[in-house]
Amino acid sequence: MPVSALRAVSKSQNGVGAFILQCKRMEFNFCDWAGSSKGMRSFLKHSLSQFAKENPQIEIIVAPRPNKIPIIRGTYINGREKVIPVDGLEIQQILQKAQLLRDSSGAKLKRITKPVISLNESVRGIFSPFHGKKHVI
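As a starting point, this report considers the structure included with it. (Residues numbered from 1 in each chain as written. Predicted model: local features only at pLDDT ≥ 70, side-chain atom pairs only at ≥ 80, totals over all residues. Heavy atoms only, no water.)

Re the nonpolar core
Logical step 1: In terms of nonpolar packing, the biggest core is built from 20 residues, with Met26, Phe28, Met40, Phe43 and Ile72 touching the most fellow members.
Logical step 2: Contributions of two or more residues to this core are made by β1 (23-30), α1 (38-46), α2 (48-54), β3 (71-76) and α3 (91-103).
Logical step 3: Ignoring anything within four residues of it in the chain, the contact list for Ile72 reads Met26, Glu27, Phe28, Met40, Lys82, Val83, Ile84, Val86, Ile94, Lys97, Ala98 and Leu101. (Core = buried A, V, L, I, M, F, W, Y, C linked by side-chain atoms within 4.5 Å. Buried < 20%, exposed > 50% of the residue type's maximum accessible area, 1.4 Å probe, protein only. Helix = DSSP H or I, 4+ residues; strand = E, 2+ residues; numbered from the N terminus. Contact = heavy atoms within 4.5 Å.)

What follows is the structure in structure tokens.
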């Protein structure tokens, strides 16, 4: 009796079943004495612990970077890195940039040629106002 395999009904995609956060590590680099790192230093003192508690799945690294502008570096599960400079920003702005890196996918930005990306093409075809009944005004 031959054994037949089950055919795949659907492909697994991120968000179906369980969501996997794409950002795996965030590195906060700052300078100890430079004025451009003032906001980053206050962010590290006041807001980083709360951010780390809210995101336990992300590895948080804080490292000095002497004589350089402060940056936040996000490392993603696909191996890519994104770096955002945060020189001269306030605590809330730095928190927004950290959340932006956390929510990002790590994929390269690419131009969208079609407004909708789907695995299945439309059954109905492309809509046109010239199809169907004529409208009388």
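What about the pattern of salt bridges?
Two side chains carrying opposite charge are able to pair once their charged atoms lie near each other.
Logical step 1: Summed over all chains, the structure comprises three salt bridges.
Logical step 2: For Arg25, the salt bridge is made with Glu59, and the minimal N-O distance between the two is 3.3 Å. With Arg25 in strand β1 and Glu59 in strand β2 (residues 59-64), this residue pair connects regions lying 34 residues apart in the sequence.
Logical step 3: Judged by its relative accessible area of 28%, Arg25 is partly exposed.
Logical step 4: Given a relative accessible area of 41%, Glu59 falls into the partly exposed group.
Logical step 5: Across the salt bridge formed by Arg73 and Glu81, the nearest N and O atoms sit 3.4 Å from each other.
Logical step 6: Note on Arg73: relative accessible area 23%, which makes it partly exposed. (Salt bridge = Lys/Arg side-chain N within 4 Å of Asp/Glu carboxyl O.)

Re unusual backbone geometry
Logical step 1: Residue Asn67 is not a glycine yet carries a positive backbone phi of 60 degrees.
Logical step 2: Among the secondary structure elements, Asn67 is positioned in the loop between β2 and β3.
Logical step 3: Here Asn67 falls in the exposed class, since its relative accessible area comes to 59%.

A short note on the side chain of Asn55
Logical step 1: Checked against the element boundaries, Asn55 lands in the loop between α2 and β2.
Logical step 2: For Asn55, a relative accessible area of 4% gives the class buried.
Logical step 3: Side chain to side chain, Asn55 and Arg102 meet in a polar contact 3.3 Å long. (Polar contact = N/O pair within 3.5 Å; in protein donor to acceptor, adjacent residues only side chain to side chain.)

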